Amino acid sequence: MSENAGGDYDVVLLVEQALSDQDAAQVHSLHEGLDEPVTYHVLLPLEDAAARIESAMGSLTAGDMLSSPTMPMSEVDLDAVRKDCEDRSHAELEQTLAALRRSGAVAHGHVVSDPPIDALAAKVAEVDGREAIILTRPHVVAEFFHLDWTSKARRKLGVPILHLLEHENFDEQAEGYGEEGVTGL
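Residues numbered from 1 in each chain as written. Predicted model: local features only at pLDDT ≥ 70, side-chain atom pairs only at ≥ 80, totals over all residues. Heavy atoms only, no water.

(A) Spotlight on the overall build of the protein. A tally of helices and strands in the protein yields seven helices and six strands. What you see in the protein, going N to C, is helices and strands ordered as β-α-β-α-α-α-β-α-β-α-β-α-β. Here the protein holds 185 residues, and 42% of them are scored as buried. Long-range pairs, those at least 24 residues apart, make up 79% of the contacts in the protein with a sequence separation of at least 6. (Helix = DSSP H or I, 4+ residues; strand = E, 2+ residues; numbered from the N terminus. Buried < 20%, exposed > 50% of the residue type's maximum accessible area, 1.4 Å probe, protein only. Contact = heavy atoms within 4.5 Å.)

In structure tokens form, the structure reads like this:
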């Protein structure tokens with residue numbers, strides 16, 4: 001059952017990080033002129049505390065590891081790292097919702113801990129979403145790893161999927177990525 005049973009055009013956004021005002025305005029511009037009111041449902045995956053620890057440890061060079069005494073894992077406060085990740089994710093979600101609202105959009109959102117595409121599919125079903133938009137970071141590594149979100153979503157959902165790059169306008173995406181920047185699937 002839709003959260004907005006009044007016939008809204010529900011759009012589910014899956015984002016990796018807080019949207020800028022430019023990102024929010026671009027997303028909102030995609031739906032200007034529709035007859036139905038548009039409601040955005042933002043999903044932001046919870047930053048992974050384990051990945052942050054692994055990344056920090058991986059950034060130490062072998063020389064650093066050999067020349068310094070080992071740090072016992074008990075000294076790493078995993079609960080504090082987890083709490084920090086949750087706080088960061090919630091702050092980024094609030095920044096995103098505020099940016100969308102500043103653009104004139106109606107927006108709701110949740111930080112999700114489920115696999116991103118599962119959360120996207122569940123939200124599309126829950127709100128009877130009319131389309132989904134996946135916004136990923138623009139750098140090459142993120143594009144390589146997260147482009148898969150779009151193909152997974154396309155296989156799983158029966159709604160149009162749009163893949164955009166965060167922090168780049170439509171023209172920059174078209175120039176920098178040829179035909180692949182802005183992808184309607």
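(B) Structural detail: the environment of V11. Mapped onto the fold, V11 is located in strand β1 (residues 9–15). When the C-alpha positions of V11 and E131 are compared, they lie 5.2 Å apart, and in sequence the two are 120 residues distant. Each residue touching V11, except ones within four places of it in the same chain, is listed here: H31, V38, T39, Y40, H41, E131 and I133.

(C) Spatial organisation of the pairing of strand β2 (residues 38–45). Where burial is concerned, most of β2 is hidden: eight out of the eight residues are buried. Looking at chain direction, β1 and β2 are connected through six bridges and run parallel. Note that in β2 the partner of V12 across the bridge is H41. Each parallel crossover has a hand, and for β1 linked through helix α1 (residues 21–29) to β2 it is right-handed. Pairing of β2 with strand β3 (residues 106–112), which is carried by seven bridges, proceeds in the parallel orientation. Bridge pairing links L43 to H110 in β3. (Pairing = 2+ DSSP bridges. Right-handed = clockwise from strand over helix to strand, strands pointing away.)

(D) Broad picture of the nonpolar core. One finds L13, Y40, L100, I133 and L135 to be the most contacted residues of the largest nonpolar core, which totals 22 residues. At the level of secondary structure, the elements contributing two or more residues to this core comprise β1, α1, β2, α4 (78–102), β3, β4 (131–136) and β5 (161–165). Setting aside its immediate chain neighbours within four residues, L100 contacts L13, A24, Y40, V42, A105 and A107. The next biggest cluster of nonpolar side chains, apart from the first, holds 15 residues, and it includes L43, V112, I117 and A121. (Core = buried A, V, L, I, M, F, W, Y, C linked by side-chain atoms within 4.5 Å.)

(E) Molecular detail of the side chain of T96. Residue placement: T96 occurs in helix α4. We classify T96 as buried; its relative accessible area is 0%. Residues contacting T96, with those up to four places away along its chain left out, are Q17, A18, L19 and V42.

(F) How the structure looks around the confidence of the model for the protein. Confidence in the prediction for the protein averages 75 pLDDT; 58% of positions are at 70 or higher. Per-element confidence in the protein is highest for β3, whose mean pLDDT is 97, and lowest for strand β6 (residues 183–184), whose mean pLDDT is 40. Considering only residues more than four positions removed or in separate chains, one finds that residues 1–5, a stretch of pLDDT under 50, has 13 contacts. Within the model, the stretch residues 176–185 combines pLDDT values under 50 with 21 contacts to residues more than four positions away or in other chains. (pLDDT = per-residue confidence, 0-100.)

(G) Representation of α4 in the model. Relative to the 36 Å expected for 25 residues at 1.5 Å per residue, α4 spans 36 Å between its end C-alpha atoms, a close match to the ideal helical length. Within α4, burial applies to V81, C85, S89, L93, T96, L97, A99 and L100. Positive backbone phi, at 100°, marks G104, one or two positions downstream of α4. (Expected span 1.5 Å × (residues − 1).)

(H) Examining the pattern of salt bridges more closely. Counted under the stated rule, the structure contains five salt bridges. A salt bridge links E126 to K123, with the shortest nitrogen-to-oxygen separation between them at 3.3 Å. Of this pair, E126 and K123 are both found in helix α5 (residues 116–127), three residues apart, which corresponds to roughly one turn of the helix. (Salt bridge = Lys/Arg side-chain N within 4 Å of Asp/Glu carboxyl O.)

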